[in-house]
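# Inside the fold
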Amino acid sequence: MSETAATPAYTPGYGAAVLDSHRLRTAQNSAAHLLEHLRPGQRLLDVGSGAGTITADLARIVGPAQVTALEVSEEAAAITRAELDRQGLAEVEVLVGDAQALDLEADTVDVVHAHQVLQHLPDPVRALAEFRRVARPGGIVAVRDSDYEGFRWWPEAAGIAQWRELYLRAARANGGTPDAGRRLLAWARAAGFAEVTASSSTWTYATEASRAAWAATCGGRLTAGPLAAQLEREGWADAAAREEIAADYRRWAADPDAWFALLHGEIIARA
Ligand SMILES: C[S@@+](CC[C@H](N)C(=O)[O-])C[C@H]1O[C@@H](n2cnc3c(N)ncnc32)[C@H](O)[C@@H]1O
């Protein structure tokens, strides 16, 4: 692999609270901006494939043998591999590498996809420049990132506001950009893309089940895993404070009037 930019701690980690939530993702609910551009036979690279459910959906569209998934560590690559195997998609290739220094030939990929990855990188513009390098002329780079500053919810809940402040602080301390969604157009232009279409979309939690799942993933991240450890280590929230935040999140989720929207920015950039 060529020179690698510093890869910081991945703030959420790979615990059950995180992966159970990520496994709810589909190409339809997380990559809708890309779907109209996909055709069978396209060569597709899914960067930061994680839980692998979106990768699997994309592989069924373009063809499993056409897809390479890339993860930053053996641990994360094994998570993607297990999901692809579970879904009968053994032909998808899974590589270990860094989004900011791809070990791939230039001009070889029709579609580069990255969902909720750039927000975790210290140098997202460098990653986009790498996506542009490996994409064939006329190929597509499709990126979607959440914007944690863009949480909106009702009714008011102190625990949600505190959770968000702590997450923003932790992610930034790890070199990430948790409001990445709003910056994707600017980053793509900085990476040299001349043709970029920007859009946005949201995830909405306004049913008993979706609110409970969201409260569970947010609360679970305060109980175990790297975020909980970081908050403890830095003295930003002790175990009692974290439990109170999680409990407030659960009380909010049990309210039948409760509503939550999570903003995402998206781009389709032409190489
Ligand atoms: C929020 S998860 C998104 C996973 C998947 N795309 C999804 O939406 O379900 C972010 C993923 O990016 C990966 N990641 C973090 N830093 C990376 C890097 N430098 N290169 C490649 N992947 C990276 C993490 O391991 C993690 O699996």
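Definitions and cut-offs
- Residues numbered from 1 in each chain as written.
- Predicted model: local features only at pLDDT ≥ 70, side-chain atom pairs only at ≥ 80, totals over all residues.
- Heavy atoms only, no water.
- Phe/Tyr/Trp six-rings, centres within 6.5 Å; stacked < 30°, edge-to-face > 60°.
- Buried < 20%, exposed > 50% of the residue type's maximum accessible area, 1.4 Å probe, protein only.
- Lys NZ or Arg CZ within 6 Å of the ring centre and 35° of its normal.
- Near = heavy atom within 4 Å.
- Polar contact = N/O pair within 3.5 Å; in protein donor to acceptor, adjacent residues only side chain to side chain.
- Areas by Shrake-Rupley, 256 points an atom, 1.4 Å probe, with all protein chains shown as cover.
- Nonpolar A, V, L, I, M, F, W, Y, C, P; charged D, E, K, R; others polar.
- Helix = DSSP H or I, 4+ residues; strand = E, 2+ residues; numbered from the N terminus.
- Contact = heavy atoms within 4.5 Å.
- Salt bridge = Lys/Arg side-chain N within 4 Å of Asp/Glu carboxyl O.
- Axes fitted to C-alpha atoms, helices over the stretch in contact; angles between N-to-C directions.
- Parallel < 35°, antiparallel > 145°, perpendicular 65-115°, else oblique.
- Expected span 1.5 Å × (residues − 1).

Here we come to the packing of aromatic side chains. Counted under the stated rule, the structure contains 15 aromatic pairs. With 5.1 Å between their ring centres and 40 degrees between their planes, Tyr10 and Tyr14 make a pair best called tilted. The exposure class assigned to Tyr14 is partly exposed, which follows from its relative accessible area of 22%. Through a chain of ring-to-ring contacts, the aromatic side chains of Tyr148, Phe151, Trp153, Trp163, Tyr167, Tyr205, Trp214, Tyr249, Trp252 and Phe260 assemble into a single cluster. For Arg132, the ring lying beneath its charged end belongs to Phe193, and the centroid distance is 5.9 Å.

The next subject is the site of the ligand. The local shell around the ligand holds 21 residues, among which Tyr14, Arg25, Gly48, Glu71 and His115 are the closest. One of the side-chain N or O atoms of Arg25 is found 2.7 Å from an oxygen atom in the ligand. When isolated, the ligand has an accessible area of 600 Å², and the protein chains bury 98% of it. Partitioned by chemical class, the residues of the shell around the ligand number eight nonpolar, 10 polar and three charged.

Within the secondary structure, Gly52 is located in the loop between β1 (44–47) and α4 (53–62). Overall, Gly52 belongs to the buried group, its relative accessible area being 1%. As a C-alpha pair, Gly52 and Leu19 span 33 residues in sequence and 9.9 Å in three-dimensional space. Apart from the residues lying within four places of it in its own chain, the contact partners of Gly52 are Thr80, Glu83 and Leu84.

Glycine aside, the phi torsion of most residues is negative, and most peptide linkages are trans. With omega at -5 degrees, the peptide bond leading from Trp154 into Pro155 counts as cis. Within the element layout of this structure, Pro155 appears in the loop between β6 (152–154) and α7 (158–173). In the Ramachandran plot, Asp107 falls in the positive-phi region, its phi being about 60 degrees despite a non-glycine side chain. One can find Asp107 in the loop between β3 (93–96) and β4 (109–115). Positive phi values are uncommon outside glycine, yet Gln116 reaches one of about 60 degrees. Looking at the element boundaries, Gln116 is found in the loop between β4 and α6 (124–134). For Gln116, a relative accessible area of 9% corresponds to the buried category.

Our next topic: the pattern of salt bridges. Counted by the stated rule, this structure contains 16 salt bridges. For Glu243, the salt bridge goes to Arg250, with nearest N and O atoms at 2.8 Å. On the accessibility criterion, Glu243 (39% relative accessible area) is partly exposed. Where Asp248 meets Arg251, a salt bridge forms, and the shortest distance between an N and an O atom there is 3.3 Å. Taken together, the residues Asp248 and Arg251, both in helix α11 (residues 239–253) and three residues apart, mark about one turn of the helix. Exposure remark for Arg251: the relative accessible area of 48% places this residue in the partly exposed category.

Each pair of packed helices gets described by two things: the angle between the helix axes and the distance between those axes. Look at helix α9 (residues 208–223) against helix α10 (residues 226–234): their axes get within 5 Å of each other, and the N-to-C directions meet at 50 degrees. What the angle tells us is that α9 and α10 run oblique. Contacts between α9 and α10 involve Arg221, Leu222 and Thr223 from the first element and Leu227, Ala228 and Leu231 from the second. Along the lines of polarity and charge, the residues of the contact of α9 with α10 split into four nonpolar, one polar and one charged.

A separate point is the packing of α9 against α11. Where α9 contacts α11, the two axes come as close as 9 Å, and the packing angle between them is 180 degrees. As far as their axial angle goes, α11 and α9 are roughly antiparallel. Facing Arg211, Ala212, Trp214, Ala215, Cys218, Gly219 and Leu222 of α9, the residues of α11 in contact are Arg242, Ile245, Ala246, Tyr249, Arg250, Trp252 and Ala253. Grouping the constituent residues of the contact of α9 with α11 by class yields 10 nonpolar, one polar and three charged.

Further remarks concern α11. In an α-helix there are 3.6 residues to a turn, and that puts residues three or four apart on one side. For α11, which comprises 15 residues, the first-to-last C-alpha distance of 21 Å matches the rise-based estimate of 21 Å (1.5 Å per residue) to within 8%. Regarding α11, the residues found buried are Arg242, Ile245, Ala246, Ala247, Asp248, Tyr249, Trp252 and Ala253. Residues of α11 that are buried in the fold lie against β6, α7, α9, α10 and β8 (259–270).

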